[in-house]
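# Breakdown of the fold
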Amino acid sequence: QVQLVESGGGLVQAGGSLRLSCVASGIDFSIYTMGWYRQAPGKQREFVASVTGGGRTTYADSVKGRFTISRDNNKNTLYLQMNSLKPEDTAVYYCWGFFGSNYWGQGTQVTVSS
């Protein structure tokens, strides 16, 4: 049974940093592409970042240079290091993986105050 569980969200001031984690279970984590999406109130879910099993990363233009996606295969964990946070980064952040079909975490709220 595949599960993705996020943690690390919270309230932070603009310019601050936050680190999100996503622990995967029930899947061979190391070979799959994983990523982060976010959804702000009244908006569609949007892509944030992804990393392949081989370590290749991709970022949305809106976060490039500020966010870093990484994975620790030994801990079966995906991370999103968010620096220089802006109020427009406020959203629910979802862990995502494609394991033959799309899987999603429950989401973790990130709120950036001005």
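Structure: see above.
From a predicted model like this one, the values you see are computed outputs, not experimental measurements.

### Concerning the state of the cysteines
In protein structure, a disulfide is the covalent linkage between the sulfur atoms of two cysteines. Going through the model one piece at a time under the given rule, you end up with one disulfide. Bridging Cys22 to Cys95, the disulfide has an S-S length of 2.0 Å. Its S-S torsion of approximately -80 degrees makes the covalent link between Cys22 and Cys95 left-handed. Note that Cys22 is positioned in strand E3 (residues 18–25) and Cys95 in strand E9 (residues 91–98), a separation of 73 residues in sequence.

### So, the side chain of Asp89
Tracing the chain through its elements places Asp89 in the loop between strand E8 (77–82) and E9. Residue class for Asp89 comes out buried when judged on its relative accessible area of 0%.

### What to know about the pairing of strand E7 (residues 67–72)
Only one face of E7 is buried, namely the one carrying Phe67, Ile69 and Arg71, since none of Thr68, Ser70 and Asp72 on the opposite face is buried. Here E7 pairs with E8 via six bridges, running antiparallel. Within the sheet, the bridge partner assigned to Ile69 lies in E8 and is Leu80. Linking E7 back to E8 in an antiparallel pair, the connection comprises four residues, with Asn76 at a positive phi of about 55 degrees.

Cut-offs applied
Residues numbered from 1 in each chain as written. Predicted model: local features only at pLDDT ≥ 70, side-chain atom pairs only at ≥ 80, totals over all residues. Heavy atoms only, no water. Disulfide = S-S within 2.5 Å. Helix = DSSP H or I, 4+ residues; strand = E, 2+ residues; numbered from the N terminus. Buried < 20%, exposed > 50% of the residue type's maximum accessible area, 1.4 Å probe, protein only. Pairing = 2+ DSSP bridges.

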